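Chain and residue survey
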Amino acid sequence: PPLDLVGKPGEQRSRAPFVQHSVPLMTEAAARQALLHFVASRCCYGSRAAGELAIRRLRQLGTYRYRLETFSELRLSEWAFEPFTKPAAARPPRDASLDPWDVEVGPPLLFQGQTRRCRVPRSALVRDCHRCHGHGRAKCGTCHGAGRTRCVTCKGSRRRLKQQKRCQLCSGTGRRRCNTCSGRGSKTCATCHGEKKLQHFKQLVITRKNNVFEFVSEHHLNFPGELLSKVSGENIFKDENVMVYPIIDFPDPEISLASQRAVAEHSAAFATSSRILRQRQTIELIPITEVQYQYSGKPYLYYIYGLENKVYALDYPERCCCGCTIL
């Protein structure tokens, strides 16, 4: 069952108005250095153009990335078994209808996915092994209990092929002692390991997952938006609680709408089937710089994005045609 919301449903917590953040300043020297680093990582790009080009304009831009993380936990119970080797450990089982959420487990590592199994205390039942029926040994699957198998040399014909002489390996019988069970026709049961009994017990399968909703506001540039998911931005807002409230007053309306949609979707998807342990929402300002430059009398441009100063060069002038990507 989901945890109760902190506060009344629909109640918006009071917070200070959002402060307008500016994009970090990009200089011509930094823009050229970013391009040189980009060119050096491409085998078919020449560095002369990057060193000689004339930068005409730096257009400072930025876009926002909103992210909602919902850390949820799902518990399911299942029966498991193991060879019963400790008679003194047998205890009367407790009520099988124990609520999985009543079992105490260790504290989670927040916002890190994990699947673990935990035994339910006092849920053990001891029964005869269902595979060997309590005998501790099972019929050999190779010889089917006969203890002997067909000779691999003469293939059961009792004579060596082409020579028409009696097979010496099987002494002319056409059969040999089974190597799997050493001729006994049975082997130690692989299920109970020869203990004859199994201890059945309930175990919890605990799945903790960090579910992420991500949205990047529109930037209206000739620039692939999926590249922005691979870089970091300046964190300008963070809200973490058991349950977070939607953002309603951010300067960019797209972010407010994305927050409201994300909170509603995650609440509908996880609050009924699992337990929400923690939520965290953040807003990052991702810098983008459009660099307009000239080389050999022709105009070009490239983009610098993210705090890592990654480069996207749409039409770099000095490159050979060997299939190198321009991302």
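Residues numbered from 1 in each chain as written. Predicted model: local features only at pLDDT ≥ 70, side-chain atom pairs only at ≥ 80, totals over all residues. Heavy atoms only, no water.

Below, the discussion takes up helix α1 (residues 28–40). In a regular helix each residue adds 1.5 Å, so 13 residues correspond to 18 Å; α1 covers 18 Å between its end C-alpha atoms and thus fits that length. On its buried face, α1 sits against α2 (48–52), β1 (54–83), β10 (275–295), β11 (298–305) and β12 (310–313). (Helix = DSSP H or I, 4+ residues; strand = E, 2+ residues; numbered from the N terminus. Expected span 1.5 Å × (residues − 1). Contact = heavy atoms within 4.5 Å.)

Here we come to the side chain of arginine 67. With respect to the helices and strands, the residue arginine 67 is situated in strand β1. Among the polar contacts listed, one links the side chain of arginine 67 to the side chain of glutamate 284, at a separation of 3.4 Å. If we skip the residues at most four places from it in the chain, arginine 67 touches Val212, Phe213, Glu214, Arg280, Gln281, Thr282 and Glu284. (Polar contact = N/O pair within 3.5 Å; in protein donor to acceptor, adjacent residues only side chain to side chain.)

Let us now look at the pairing of β12. When β11 meets β12, the two strands line up antiparallel, connected through four bridges. Within β12, the position partnered with tyrosine 302 by the bridge is alanine 313. (Pairing = 2+ DSSP bridges.)

Before going further, it helps to spend a moment on the confidence of the model for the protein chain. Detailed reading of the predicted model is not advised wherever pLDDT is low. Mean pLDDT over the protein chain: 83, with 85% of residues reaching 70 or higher. Confidence drops under a pLDDT of 50 for residues 1–14, and excluding neighbours within four residues, the segment shows 23 contacts in the predicted structure. (pLDDT = per-residue confidence, 0-100.)

Glancing now at the packing of aromatic side chains. Two numbers describe a pair of aromatic rings. These are the distance of the centres and the angle of the planes. Across all of its chains, the model carries ten aromatic pairs by this definition. Between tyrosine 64 and phenylalanine 250, the ring centres sit 5.0 Å apart and the planes meet at 90°, which makes this aromatic pair edge-to-face. Placement of tyrosine 64 in strand β1 and of phenylalanine 250 in the loop between β9 (234–241) and α3 (253–270) is noted, with a sequence separation of 186 residues between them. The class for phenylalanine 250 is buried, based on a relative accessible area of 8%. Put simply, the rings of Phe223, Tyr303, Tyr305 and Tyr312 touch in pairs and so form one group of aromatic residues. In this structure, arginine 119 packs its charged tip against the face of phenylalanine 201, placed 3.8 Å from the ring centre. For arginine 275, the ring lying beneath its charged end belongs to tryptophan 101, and the centroid distance is 4.2 Å. (Phe/Tyr/Trp six-rings, centres within 6.5 Å; stacked < 30°, edge-to-face > 60°. Buried < 20%, exposed > 50% of the residue type's maximum accessible area, 1.4 Å probe, protein only. Lys NZ or Arg CZ within 6 Å of the ring centre and 35° of its normal.)

Throughout the structure, instances matching the rule amount to twelve salt bridges. For the salt bridge of glutamate 290 with arginine 59, the shortest nitrogen-to-oxygen distance reads 3.0 Å. Within this pair, whereas glutamate 290 is found in strand β10, its partner arginine 59 is found in strand β1, the two being separated by 231 residues in sequence. For glutamate 69, the salt bridge goes to arginine 280, with nearest N and O atoms at 2.9 Å. Within this pair, whereas glutamate 69 is found in strand β1, its partner arginine 280 is found in strand β10, the two being separated by 211 residues in sequence. Here glutamate 69 matches arginine 280 in class, with each residue buried. One salt-bridge network, in which partners are shared between bridges, spans Arg65, Arg67, Glu214 and Glu284. (Salt bridge = Lys/Arg side-chain N within 4 Å of Asp/Glu carboxyl O.)

With that settled, consider the environment of glutamate 254. Relative to the elements of secondary structure, glutamate 254 occurs in helix α3. There is a polar contact of 3.2 Å between the side chain of glutamate 254 and the backbone nitrogen of glutamate 218.

Soluble globular proteins tend to bury their nonpolar side chains together. Residues Leu35, Tyr293, Tyr302, Ile304, Val311 and Tyr316 are the most contacted members of the largest nonpolar core, which totals 21 residues. Contributions of two or more residues to this core are made by α1, α2, β10, β11 and β12. By residue number, the principal contributor to this core is α1, which donates five residues. Look past the residues within four positions of tyrosine 302 in its chain and what remains in contact with it is Ala31, Arg32, Leu35, Thr289, Glu290, Val291, Tyr293, Val311, Tyr312 and Ala313. Of all hydrophobic cores here, the second largest spans 16 residues; its members include Phe237, Val244, Ile255 and Val263. (Core = buried A, V, L, I, M, F, W, Y, C linked by side-chain atoms within 4.5 Å.)

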